[in-house]
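Structural overview for review
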Amino acid sequence: MKLVKLGSLFLLFAAILAACGGGEGLVSAKEYVLTTGIEDGTPVFLGVGDEINGAVNPELRAEPGETITVTLINGGEGRHQIVFPSLKVKTDEVHEKGESASVTFKAPNEAGELEYMDGNSAFEALGMKGVLVVAPAGAPSAERPAGLYVNELAVQAIQKGGCVACHIIPGVPGAVGVIGPDLSEIGEKVAARIEAGEYTGMAKTIEEYLHESIQSPDAFIAPDCPTGPCGAGVMPASLAQTLSADELNGVVNYLASLPEGATAAGPESGLGESEAPAFIGDVPSLTDEEFSWAKQTFFERCAGCHGTLRKGATGPALTPNVTLPKGTVGLAAIIFNGTTGGMPDWGKQGVLTQAETEVMAKFLQNEPPAPPEMSLEQMKASWQLITPVTERPTEPQTARDWQNYFIVTLRDAGQVAIIDGDTYEIVSTVDSGYAVHITRMSASGRYAYVIGRDGRLALIDLWMEKPEVVARVQTCYDARSVEVSKYDGPEGDFRDKYAVTGCYWPPHFAILDGQTLEPMKVVSTRSYTFDTGAYHPEPRVASILASHYKPEWVVNVKETGQIWLVNYTDPLNPSIKMINAALFLHDGGVDSTKRYFLVAANQSNKVAVVDLKTSSLAGIADVGAVPHPGRGANWIDPEFGPVWSTPHLGEASVMSLGTDPESHAENAWKAVRTTPLPGSGSLFIKTHPNSQWVWVDMTLNSDPVLARTICVIAKSDPSQVYKCWEIGTYGRAVHFEYNRDGTEVWVSLWGDAAKPGETGAIVIYDDATLEEKARIDNLITPTGKFNVYNTVSDIY
Ligand code: DHE
């Protein structure tokens with residue numbers, strides 16, 4: 001193939017000369033030039049020029065009685081000759097590289113198919129052979145109509161190249177990507193761009209422009225990607241290697257013909273979305289080492305959004321039926337560059353190399369490996385009671401205000417730091433699970449429960465002078481949530497009595513003794529989706545919240561869209577009320593009265609509300625793209641009364657929902673206000689009843705400046721943000737927490753554990769003035785921070 005690309009001009013010229021000298025006194029109406037080459041290790045004839053350029057053993061065509069010339073050029077290895085046995089015509093043998101020979105002959109008067117082959121039977125046996133189709137002009141070829149074949153080839157090449165992953169291309173199944181420019185009208189746009197003089201590359205025509213943008217994507221950067229100007233280095237420059245010259249030409253011609261060409265490739269030709277099967281390439285293979293690296297990396301980086309079985313949740317499904325049509329190149333480009341929908345740019349962040357994104361892309365096209373289950377017995381085997389209850393302090397041993405401690409996740413250190421909220425001193429740093437996710441406190445505040453992504457739970461006693469882990473257990477391999485029993489009322493005093501962990505894999509929740517972490521009960525969440533009743537093998541447990549009204553946990557089952565109210569008065573025989581809500585339940589918190597629980601159904605763009613007093617669904621609100629509230633923010637809107645707010649991953653806004661069905665019934669459980677933000681990618685929002693501000697981040701914005709920028713919205717004028725600023729010169733700003741009395745806000749600067757000086761910090765602001773008060777530097781990737789008092793009291 002390389003030979004054709006590099007030498008095609010020279011060869012074509014030589015061939016034409018040869019053809020002009022061709023024999024038998026016939027005048028050719030048509031000329032075909034073929035060379036010899038190797039394709040996938042096999043010797044083949046390759047077309048040179050015109051419609052057969054780059055085609056393997058190309059189909060030649062002639063009208064009945066038409067005179068044609070066929071020229072063969074020796075491409076390098078061996079002696080070759082083209083023979084048409086049924087016509088008894090052949091070229092001379094070509095012995096040396098570059099040597100050519102032609103034969104001119106008349107096609108038979110009857111339509112039909114005639115074989116041609118290499119005169120050397122060994123090469124013929126290896127596959128050097130093709131067909132001359134003799135048919136009237138415009139007649140369909142032996143296999144399919146010529147026009148259809150051209151479009152089909154182009155569509156398949158577009159899919160093979162993985163273009164569908166990043167572009168919208170009419171007529172191409174699955175081409176709905178929004179990373180690169182929309183190519184629906186690319187032909188017209190290019191013409192206008194060249195005409196307007198805004199294009200600065202080398203091309204003179206639409207076709208040349210498209211060739212250039214495929215082969216040298218950064219020669220000219222298109223101005224109009226879906227989320228703003230396109231960036232350099234995003235489009236992979238490797239398509240010219242992935243596609244044959246024939247396919248490349250097909251893609252260019254197809255794109256140049258848009259938008260009209262798409263219709264031609266659409267319903268009439270059988271290539272519409274519904275009819276045409278997506279191109280499915282071979283499943284790429286990986287070495288054992290690559291496979292186990294990809295499996296582990298997927299679990300650590302990707303399973304949270306796409307699911308351990310890759311059935312999709314916050315992120316789309318990544319099963320082979322979805323990934324194979326995107327191909328290695330397309331998938332690797334997404335993994336490297338991220339998407340505006342919230343997919344992190346693992347390559348640009350320096351987490352994965354180009355080669356690693358390709359290994360991951362190959363892994364994703366294979367069937368997901370089945371992860372192991374975990375029984376109660378296995379949980380019990382992992383349980384460590386380090387300090388029995390009787391050996392723990394009976395009153396606080398510290399003079400510090402332990403209720404103003406902040407438990408700070410040091411994500412990549414697998415630790416949490418316990419920081420004194422008054423003095424900013426690190427009181428203790430304790431080992432916890434891998435990539436610690438959240439911390440919750442027991443109802444008294446004395447115990448901190450720290451859950452890692454690996455399902456390892458650590459129990460820390462905050463009454464100790466230097467807080468330490470007093471018990472550990474692993475209840476699953478992949479977890480995100482932990483909660484405690486908080487109810488104290490007529491049905492009993494359950495404070496500090498039980499804990500519950502919510503698992504992504506295996507999909508279950510586990511009830512534990514709250515003082516020792518001894519596993520008591522495991523309950524599977526495998527079930528049926530609330531809407532269609534389809535069985536789901538991996539309905540993951542997202543957030544869990546302890547009701548203040550009843551001895552109940554609100555367990556959000558993500559993929560089935562059910563909110564389970566789990567009564568823990570008899571934890572070995574828990575009763576569960578299943579409330580139908582919305583698919584993809586994720587994170588949420590209570591309103592200011594604590595009667596209502598609001599949870600984001602992130603991929604459904606909804607927030608579901610449960611009345612914890614009546615144990616029923618109170619409402620479902622439509623919000624923006626991919627809401628992500630953390631636990632949300634409760635405040636009084638000057639126009640709409642009490643509201644609870646969520647920012648979004650997928651759009652640049654904060655939306656506030658009315659939460660007062662008594663006095664503002666018309667606003668209850670509706671999005672009543674939208675406050676625009678400078679960017680999307682928000683993860684968290686926070687306020688305090690004493691504060692005049694609502695704080696919001698844009699952590700996952702692909703613009704590094706916005707990713708480290710935070711904004712405040714003034715409660716007195718929430719129509720716009722009051723102020724935005726960068727909290728550091730590196731990393732991402734993430735998650736807020738107030739101190740106990742609501743006078744300070746702590747924000748994490750989430751850095752890179754491998755970059756000394758840029759590993760991360762906590763930045764502390766005076767909430768009244770918004771001035772920076774202090775900075776706790778050199779923390780390893782701080783993310784979530786949980787003030788003991790505020791966490792116990794659900795203040796946010
Ligand atoms: Fe979280 C809360 C799941 C990525 C930091 N995160 C939660 C909760 C869930 C969840 C279900 C609610 C727990 C509760 O209230 O009981 N998080 C997930 C994911 O599935 C996701 C999207 C992908 C993943 O692979 O885990 C994810 N989360 C992240 C991060 O990348 C963050 C920023 C850093 C990290 O730890 O990896 C992160 N998540 C947090 C934090 C909270 C949280 C700080 C608690 C917020 C609060 O104020 O309560």
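Thresholds, definitions, all that
- Residues numbered from 1 in each chain as written.
- Predicted model: local features only at pLDDT ≥ 70, side-chain atom pairs only at ≥ 80, totals over all residues.
- Heavy atoms only, no water.
- pLDDT = per-residue confidence, 0-100.
- Contact = heavy atoms within 4.5 Å.
- Donors = N, O, S within 2.8 Å, 3.2 Å for Na, K, Ca; no water.
- Helix = DSSP H or I, 4+ residues; strand = E, 2+ residues; numbered from the N terminus.
- Pairing = 2+ DSSP bridges.
- Core = buried A, V, L, I, M, F, W, Y, C linked by side-chain atoms within 4.5 Å.
- Buried < 20%, exposed > 50% of the residue type's maximum accessible area, 1.4 Å probe, protein only.
- Disulfide = S-S within 2.5 Å.
- Phe/Tyr/Trp six-rings, centres within 6.5 Å; stacked < 30°, edge-to-face > 60°.
- Near = heavy atom within 4 Å.
- Polar contact = N/O pair within 3.5 Å; in protein donor to acceptor, adjacent residues only side chain to side chain.
- Nonpolar A, V, L, I, M, F, W, Y, C, P; charged D, E, K, R; others polar.

**Topic: the confidence of the model for the protein**
Low pLDDT marks stretches whose predicted atomic positions should not be read closely. Averaged over all residues, the pLDDT of the protein is 88; the fraction at 70 or higher stands at 92%. Counting interchain partners and residues more than four positions distant, the pLDDT-below-50 stretch residues 1–24 has 36 contacts. Note on residues 264–279: pLDDT is under 50 here. Beyond four places in sequence and across chains, it has 35 contacts.

**Points about the coordination of the iron atom of the ligand**
Note on metal sites: the ideal angle is 109.5 degrees for four tetrahedral donors, and 90 or 180 degrees for six octahedral donors. Inspection of the coordination sphere of the iron atom of the ligand shows a single protein donor, His437 (NE2), at 2.1 Å. Along the chain, His437 turns up in strand 14 (residues 436–441).

**Topic: the pairing of strand 9 (residues 129–134)**
Where strand 3 (residues 60–62) meets strand 9, three bridges bridge the pair, whose relative direction is parallel. Looking across to strand 9, one finds that Arg61 is bridged to Val133. For strand 8 (residues 112–118) and strand 9, the ladder comprises six bridges, and the chain directions are antiparallel. Bridge pairing links Leu114 to Leu132 in strand 9.

**Side note on the nonpolar core**
If you look at the biggest cluster of nonpolar residues, it comprises 40 residues, and the most contacted ones within it are Tyr449, Leu457, Ile460, Leu462 and Leu517. Ranked by residues supplied to this core, first place goes to strand 15 (residues 447–452) with five residues. Not counting chain neighbours up to four residues away, the residues in contact with Leu517 comprise Trp383, Tyr449, Leu457, Ala458, Leu459, Ala471, Arg472, Val473 and Leu512. Residues Val190, Ile214, Tyr254 and Leu258 belong to the second largest nonpolar core, which totals 29 residues.

**As for the state of the cysteines**
For the coordinates displayed, the defined rule picks out two disulfides. Here Cys476 pairs with Cys503 through a disulfide, and the sulfurs are 2.1 Å apart. Across the disulfide from Cys476 to Cys503, rotation about the S-S bond amounts to roughly -80 degrees, and the bridge is consequently left-handed. Separated by 27 residues along the polypeptide, Cys476 in the loop between strand 17 (468–474) and strand 18 (478–484) and Cys503 in strand 21 (residues 498–505) bring together distant segments of the chain. Its relative accessible area of 0% is what places Cys476 among the buried residues. For Cys503, a relative accessible area of 0% translates into the label buried. What pairs with Cys711 in a disulfide is Cys724, and their sulfur atoms sit 2.1 Å apart. Since a negative S-S torsion denotes a left-handed disulfide, the Cys711-Cys724 link at about 105 degrees is right-handed. Here the residue Cys711 occupies a position in strand 40 (residues 709–714), and Cys724 occupies one in strand 41 (residues 723–726), the gap between them amounting to 13 residues.

**What about the packing of aromatic side chains?**
On inspection of all chains with the given rule, the structure shows 24 aromatic pairs. Taking 5.8 Å as the distance between ring centres and 50 degrees as the angle between the ring planes, the aromatic pair formed by Phe45 and Tyr116 counts as tilted. Pair noted here: Phe45 is in strand 2 (residues 42–48) and Tyr116 is in strand 8, with a separation of 71 residues, a long-range link. Taking the centre distance of 5.4 Å and the plane angle of 75 degrees together, the rings of Phe494 and Tyr568 count as edge-to-face. Separated by 74 residues along the polypeptide, Phe494 in the loop between strand 20 (492–493) and strand 21 and Tyr568 in the loop between strand 28 (562–567) and strand 29 (575–580) bring together distant segments of the chain. Given the relative accessible area of 6%, Phe494 is considered buried. For Tyr568, a relative accessible area of 0% puts it in the buried group. Put simply, the rings of Tyr487, Phe494, Tyr498, Trp553 and Tyr568 touch in pairs and so form one group of aromatic residues.

**Re the site of the ligand**
Contacts to the ligand come from 25 residues, most closely from Arg411, His437, Arg453, Arg480 and Tyr504. One nitrogen or oxygen atom from the side chain of Arg411 is found 2.6 Å from an oxygen atom belonging to the ligand. Interatomic distance of 2.7 Å between a side-chain N/O atom of Arg631 and an oxygen atom of the ligand. Elements with a contribution of two residues or more to the shell around the ligand: helix 9 (288–306), strand 14, strand 18, strand 26 (541–546), strand 30 (585–590) and strand 46 (782–787). Counting residues per element, the shell around the ligand draws most heavily on strand 14, which supplies four residues. Its residues assigned to classes, the shell around the ligand shows 10 nonpolar, eight polar and seven charged.

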